[in-house]
Amino acid sequence: MKIFEMLIPMTIEGLKVTLGVFAVTLIFSLPLAVIVALLRRSKNKLISGITAGYIYVMRGTPLLLQLMFIFFGFHFVPLIGYSFSRFQAIYIAFILNYTAYFAEIFRAGINAIDVGQYEGATVLGMSKSYTFLKIILPQVIKTVVPAVGNEVITLVKDTSLVYILGASDILKAAKSVSNVYSAFSPYIFIAFVYLFIVAVLTKALSMIENKYNYYR
Amino acid sequence: MSVYVDSISKSFDSTKVFENVSFEVNPGEIVCIKGKSGEGKTTLLRCLNNLEQIDGGKIIIDGVDISKEKDYRIIGQMIGMVFQSFNLFPHLSVMENLLIAPMYLKKDNEDKIRLRAMELIKTLEIEGKENMYPYQLSGGQKQRVAIARACMLNPTVLCFDEPTSALDNETTKQIGKVIRRLANEGMAIIIVTHDEAFVDEIGERVLTMKNGNLKEEILKF
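Definitions and cut-offs
- Residues numbered from 1 in each chain as written.
- Chains lettered and ligands numbered in written order.
- Predicted model: local features only at pLDDT ≥ 70, side-chain atom pairs only at ≥ 80, totals over all residues.
- Heavy atoms only, no water.
- Contact = heavy atoms within 4.5 Å.
- Buried area = accessible area lost by both parts, 1.4 Å probe.
- Salt bridge = Lys/Arg side-chain N within 4 Å of Asp/Glu carboxyl O.
- Polar contact = N/O pair within 3.5 Å; in protein donor to acceptor, adjacent residues only side chain to side chain.
- Helix = DSSP H or I, 4+ residues; strand = E, 2+ residues; numbered from the N terminus.
- Nonpolar A, V, L, I, M, F, W, Y, C, P; charged D, E, K, R; others polar.
- Buried < 20%, exposed > 50% of the residue type's maximum accessible area, 1.4 Å probe, protein only.
- Core = buried A, V, L, I, M, F, W, Y, C linked by side-chain atoms within 4.5 Å.
- Phe/Tyr/Trp six-rings, centres within 6.5 Å; stacked < 30°, edge-to-face > 60°.
- Axes fitted to C-alpha atoms, helices over the stretch in contact; angles between N-to-C directions.
- Parallel < 35°, antiparallel > 145°, perpendicular 65-115°, else oblique.
- Left-handed = near helix turned anticlockwise from the far one by under 90°.

Visitor: When you look at the interface of chain B and chain A in this model, what are you seeing that I'm missing?
Guide: Contact with chain B, which involves 24 residues of that partner, is made by 20 residues of chain A. In this assembly, chain B packs against chain A so that about 2000 Å² is buried in total across both faces, 67% of it on carbon and sulfur atoms. Ranking the residues of chain B by area buried against chain A places His91, Tyr104 and Tyr135 of chain B at the top, with a combined share of 33%. For the pair chain B and chain A, the number of links is 1 salt bridge. The partner of Glu119 of chain A in a salt bridge is Arg46 of chain B, and the shortest N-O contact between them spans 2.6 Å. At the junction of chain B and chain A, the tally comes to 6 residue pairs in polar contact (both at pLDDT 80 or more). If you list the elements that add at least two residues to the side of chain B that touches chain A, you get helix 2 (72-78), strand 6 (79-82), helix 3 (94-105) and helix 5 (139-151) of chain B. Ranked by the residues each element gives to the side of chain B that touches chain A, the list is headed by helix 3 of chain B, at 4 residues. Across the side of chain B that touches chain A, the residue classes tally to 17 nonpolar, 4 polar and 3 charged.

Now the structure itself:
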């Protein structure tokens, strides 16, 4: 029982980090991903090229490395020499990484919309931006919810990587308690905490999917 | 005269679609353009609606050369299009499909726009379908919604691309009546079709597209 007396408060503190990183990443990366997806589709080769390069780097290197690079690396960049705080680095790395993945999902969703939808809106006198916001985006959201859901669940588990920068999430809490008591049970407890979070998210995602089921 | 098409040409890269095509359509007139598949009938309609840029010539509607006009808000209110596949917005109800463009263009105040929508719903006999979504409608009903949506902006000219391709004989007749009613109200109608029976039934003037040229074929009356 003494284990839990130590584990539960530490888990609650860890949850603030885990859920904080999760929420901040989602809030910023989802809208940014729509913009990046549009830039990636740009007819301007320079813009689409730069965006493709960004996505390649973000998807081609481990998030763990990106965390370290942003936290430690910037210090060594000549002229900049600026160091981000621990949580600044965590948020920036997670947002940049997840924006890249979400952008590719949105791009696929935008590509899947029939060209007739754009033309239908055009002949009715709607501007490109209005067409995108009112006609295209709502349909894109419906098609991308399952794929975005996958990434959202991965994000919950990826938050455990923040330990590399010394932040104390729920997994770090379990590790600390496990070390003190030489016990494995904290890990089992934390596994159930992750499963609980994922269960809530799965339910929420299924509700969002149902919300868009009113049309085909 | 509602539309005056003067010597327009269109090619895709080195492939010529049509050349020096000219015709005019008067208010209340129904003009059918027929021809085999691949003759460029749909491309001609797309050019009229500025969905494709013409290589040369003029498209004058109400005295304005719309081929030079860049603002779709202006073009959309002069010429409308009912697509072969309707292109209804699947996430919007029938009523929302009708309201979205005039509300965006602030064509009138909301009450007047809704009144116009209700009138069109009545004219096109789709009462009771206002809150339904496109997937819940039959082909003929979708066609009527697409026509109503195009009419919401009260364009001078309304174009139809193969309006009967997805319809049975009975529905084709009903759509024919609807189109005639719109013409009677003064709208100029251009219909692209390869449905000979439909052309015989509805066409007041018939133009045939062949080898990139447009020829006047029959004059009824």
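Visitor: Would you mind going over the environment of Val31 of chain B with me for this structure?
Guide: Residues and elements named next belong to chain B. With respect to the helices and strands, Val31 occurs in strand 3 (residues 30-34). Overall, Val31 belongs to the buried group, its relative accessible area being 0%. Spatially, the C-alpha atom of Val31 lies 9.6 Å from that of Cys159, the residues being 128 residues apart in sequence. Val31 has contacts with Val25, Ile189, Ile190, Ile191, Arg205 and Leu207, leaving out every residue within four places of it along the chain.

Visitor: I'm lost on the side chain of Glu29 of chain B in this one. Help?
Guide: Residues and elements named next belong to chain B. Summarising the element assignment, Glu29 is placed in the loop between strand 2 (15-25) and strand 3. In this structure the side chain of Glu29 is engaged in a polar contact, spanning 3.1 Å, whose partner is the side chain of Arg205. Sequence-distant contacts of Glu29, defined by excluding residues within four places in its chain, comprise Glu24, Met187, Ala188, Ile189, Glu204 and Arg205.

Visitor: Sorry, what's going on with the nonpolar core here?
Guide: Note on soluble globular proteins: their nonpolar side chains tend to be buried together. Phe94, Phe102 and Met126 of chain A are the most contacted members of the largest nonpolar core, which has 61 residues in total. At the level of secondary structure, the elements contributing two or more residues to this core comprise helix 1 (2-40), helix 2 (45-60), helix 3 (63-72), helix 4 (86-111), helix 6 (128-158), helix 7 (170-181) and helix 8 (185-211) of chain A together with helix 3 of chain B. Excluding residues within four positions of it along the chain, Phe102 of chain A makes contact with Leu26, Ser29, Leu30, Ala33, Val148, Glu151 and Val152 of chain A. Judged by nonpolar contacts, the second largest core, of 38 residues, contains Phe86, Ile113, Leu124 and Val145 of chain B.

Visitor: For this particular structure, what's the right way to read the packing of aromatic side chains?
Guide: The relation between two aromatic rings is expressed through the spacing of the ring centres and the mutual angle of the planes. Residue and element names in this part refer to chain A. Evaluation of the coordinates by the stated rule reveals 10 aromatic pairs over all chains. Here the aromatic rings of Phe94 and Tyr98 are separated by 6.4 Å at their centres, their planes lie at 5°, and the arrangement is stacked. Pair noted here: Phe94 and Tyr98 are both in helix 4, with a separation of 4 residues, about one helical turn. Judged by its relative accessible area of 1%, Tyr98 falls in the buried class.

Visitor: Would you mind going over the packing of helix 5 of chain B against helix 6 (residues 169-184) of chain B with me for this structure?
Guide: Helix-helix packing: each pair is described by the crossing angle between the helix axes and the interaxial distance. All names here are of chain B. It is the contact of helix 5 with helix 6, at a shortest axis distance of 10 Å, that shows an interaxial angle of 10°. Relative to helix 6, the element helix 5 is oriented roughly parallel. Taken as a pair, helix 5 and helix 6 cross one another with a handedness that is right-handed. Of helix 6, the residues touching helix 5 (which contributes Gly140, Gln143, Arg144, Ile147 and Cys151) are Thr171, Gln174, Ile175, Val178 and Leu182. The class makeup of the residues in the contact of helix 5 with helix 6 is 5 nonpolar, 4 polar and 1 charged.

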